[in-house]
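# Notes for the structure review
Below are the chains, spelled out letter by letter.
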Amino acid sequence: MAETKPEAAHHGEAHAAPTNFWWKYIFSVDHKVIGKQYLFLGLFMGFIGVGLSFIFRWQLAWPGTAVPGWGKVTAPQYYELVTMHGTIMVFFVAMPILLGAFGNFVVPLMVGARDMAFPRLNMSSFWTVFVASVILLISFFVPNGASRAGWTNYVPLSDAPRYTAGVYWGGNLWLIAVATDFASVLMGGINILTTAIAMRAPGMTIWRMPLLVWQEMVASVLFMLSVGPLIVGVVMLLLDRMVGTGFFLPEKGADPLLWQHLFWFFGHPEVYVVAVPGLGIIQEILPVFGRKPIFGYRTLVWSAIAAGILSFMVWAHHMFLSGMDPKLAAPFSVTTIAISIPFAVMLFAMIATLWRAQITFATPMLFALGALANFILGGVTGIPLGSDGTDIYLHDTYFVIAHFHNTLVPTVVIAGFAGIYYWFPKMFGRMMNDALGKVHFVFTWIGFNMVFIPLFLIGIGGGQRRIFMSSVYTYYKPLQPLHVIATIGLLIILTGQIPFLINFFGSMIWGKLAGDNPWHANTLEWATSSPPPHENFEVIPTVVRGPYDYSVPGMEQDWAPQAGEPGVAAARA
Amino acid sequence: MLGWLPADVSTFGPNIDSMLKLIFYVVGMAFVLTEGTLLAFIILYRRRKGGRASFVRGESFRELAWVLIPVLIVIFLDVMIDVKAKAIWELVKEQNPPAGVTVKLEALQFGWEFTYPGPDGQFGTHDLVQTTTLTVPAGQVIRLIMGSKDVIHSFYVPQLRLRQDAVPGREIPVWFEATQPGKYEIACSQLCGISHFAMKGILRVLTPEDYQQWVSQHWPKSASATSKRALSARTSGPGKEG
């Protein structure tokens, strides 16, 4: 990887195109196929994760009634469902789609590489997360079912089966699946980093890299630096459960807060591991459909890095009320509130990009704008939680749920859909239907807000999360209608996914042929055919400019690809 | 939005509520301005025939000022929120005002156990153990010494605006002073097992007179001694470091 001329490196890495079905589509080492595999896995797990939420949301809205297609929900089932919903959505949907699918499919094309730096490692990272997903799904079917300890898996609750009414294999498989998943993401992150650092096309200086490449790199570094402590914790907890050690059991001299520190030291950077690439997708789409350079390209890079660094100093804001020394709260509260600074920079720069733009509302842009609008809500609602004085009241209420869904759903799901509509033509060579896409957007976005705006109010009303039967508490009674609104919102979201599925699979066969560059975008993935050939480019392009030269004065066309041409006028630095 | 807050019956409740109000105004304003700008740009700058976008890269300092000046405002508001929140946190979680009544709380799957020390103020002599219901007088500082017998639980009374985890192997003190006699629900707010949702307790706040009566019912011989103790604690007043 030390060649000075990237071109030479590409030839060194070249591998012949496979002809056999198994090597071409299943055990492929081609980043484009692996990217699609990740996308299918992430979408599949996503539908399971959201399906679980349908069951427990129904129970929350109409407690004790039979859920269509499921029947009555029992309390142990309820806790199993919420635990697995969180686990699946964060570890098996967000990371596979944002790092796995987009990181894999888009990054090598964007930097002008023939493949990922380590194609076989890439294949094994996909099959590792595949195995992890299978292990997690198997845990539903073992005696006593899957883990019921919450997606944060706090000890001692998760440490011994006696605390969760006999969940043994469910808890063990949860730990094994999560650790396996992390191993996969580590492999993927190494690959993304190495590819972006060492395999860039000639002329692709680091300050000409598209923002998504930067954000994928930031996310990979964050993941690598934060995951170690949690993998250690997972192994220790597995030993506690299976061998009888007492790393987390108070009666054996342990402090249960250790797990929380290990979990959140990873857990908070993890939020940015998925949020930052999600913002990267939005940052790719805004200039293309605004026909305008991104505002403050370098500033966006630096603020993502700053947010990443800060994310390592905020983890204990999840633990203000955990019983840790109360004197620790103030410093962690200050660092947490300070996170608003880099994110405010990013948000303002993204909004400034739209100033005097020429916006067209194709489906990818609608999703990108919808994601941006909700990410602002997710950001501002973090303030009353990060501020220690008010967190005393709001902690562990639905306010927290509504807040983090407003940060993660815009970046993972809504921006993820934006990315799917945007890169689908490159992935499959055909366009998705724009009308169906717009219907999908309207249902998803309105439904999403209908679910989570009421949840903010439930939280303010004092309604705490993880309550199977809210009728136990009288103060919960006035809040109950809000749960009904939220569940109707979820039904709207689910309905909206039908046009998506029809569109997604139908367009692969019947979609309009896309051509190389249907959006008139500048970045390198559009400088090759759709779908790109084996090894991506006929000839590795030479990059002559930055990624966002739209509407350059003096140019006839309003776009100027990084690989040269349409713009006509002289190249800029 | 804050109309959804339940009634507030603790001495520090108004502080937390006014802090929430402050944050909601500040953050609400920022939210409306940001979303308003976004919406205005979306409407104003939609594609027009023959139109061309402005080539603005936002790389020069002069252009970046459009981003950095609003960010300066964000920083100013951040600092203001930090300072105010810290004061409330200190009041609720770091100060330890002298208590009129001290009760040991043990949380367990799935209930609450409250141990009263009896008239001598010493645990282990004339203790009274009450399950589920915590009876306290209004207008006095109550100290709870919290622990757990199994997993992590969390003591939460929305009307007190108070929440604190109970951790096995640790003793965590919290305090509150209720202002209104009445019956309030104690909820567990940390997932603690399959009946977590049903781990309800009752906080019974009595008038000082009713509380004295309750005390004399449970410790008939030394009712007068307790009454004096309670009285002296009240006159010395809360708010000072204990």
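In this text, all values refer to a predicted model and were calculated from it rather than measured experimentally. (Residues numbered from 1 in each chain as written. Chains lettered and ligands numbered in written order. Predicted model: local features only at pLDDT ≥ 70, side-chain atom pairs only at ≥ 80, totals over all residues.)

A rise of 1.5 Å per residue sets the reference length of helix H12 (residues 363-380) of chain A, with its 18 residues, at 26 Å; its end C-alpha atoms lie 26 Å apart and thus fit the reference within 8%. Burial within H12 of chain A is extensive, with 17 of its 18 residues counted as buried. (Helix = DSSP H or I, 4+ residues; strand = E, 2+ residues; numbered from the N terminus. Expected span 1.5 Å × (residues − 1). Buried ≥ 20, exposed ≤ 12 C-beta atoms within 10 Å, placed from the backbone.)

On to the interface of chain B and chain A, then. Residue-level contacts link 77 residues of chain B with 85 residues of chain A. Elements supplying a minimum of two residues to the side of chain B that touches chain A: helix H1 (13-44), helix H2 (61-94), strand S6 (153-157), strand S7 (162-166) and strand S9 (182-188) of chain B. In terms of residue count, the dominant contributor to the side of chain B that touches chain A is H2 of chain B (17 residues). Its residues placed into classes, the side of chain B that touches chain A shows 45 nonpolar, 13 polar and 19 charged. (Contact = placed C-beta atoms within 7 Å. Nonpolar A, V, L, I, M, F, W, Y, C, P; charged D, E, K, R; others polar.)

Looking now at the sheet that holds strand S8 (residues 172-176) of chain B. All names here are of chain B. Strands sit in the order S3-S2-S1-S5-S8 across an open sheet of five strands; the sheet is mixed. With partners counted over all chains shown, the strands left at the sheet margins are strand S3 (128-131) and S8, one partner each. Across the sheet, the mean angle from the axis of one strand to that of its neighbour is 25 degrees, orientation sign disregarded. When strand S5 (residues 142-148) meets S8, the two strands line up antiparallel, connected through five bridges. From the neighbouring strand, Ile142 faces S8, where its bridge partner is Phe176. (Pairing = 2+ DSSP bridges. Axes fitted to C-alpha atoms, helices over the stretch in contact; angles between N-to-C directions.)

To continue, consider the domain arrangement of chain B. Many authors give the size of an interface as the accessible area that is lost as the parts come together. Residues and elements named next belong to chain B. As far as domains go, chain B holds domain 1 (7-45 + 57-94) and domain 2 (101-236). Spacing between the C-alpha centres of domain 1 and domain 2 amounts to 37 Å. Residues that form the side of domain 1 that touches domain 2 fall into these classes: four nonpolar, three polar and one charged. (Domains from an automatic or database assignment.)

Residues and elements named next belong to chain B. Strands sit in the order S4-S10-S9-S6-S7 across an open sheet of five strands; the sheet is mixed. Both edges of this open sheet fall to strand S4 (133-137) and S7, since each of them pairs with a single strand only. Going across the sheet, the axis of each strand differs from the next one's by a mean of 25 degrees, ignoring polarity. Where S9 lies against strand S10 (residues 200-206), six bridges are found, and the strand directions are antiparallel. Paired with Lys183 across the strands is Arg204, a residue of S10.

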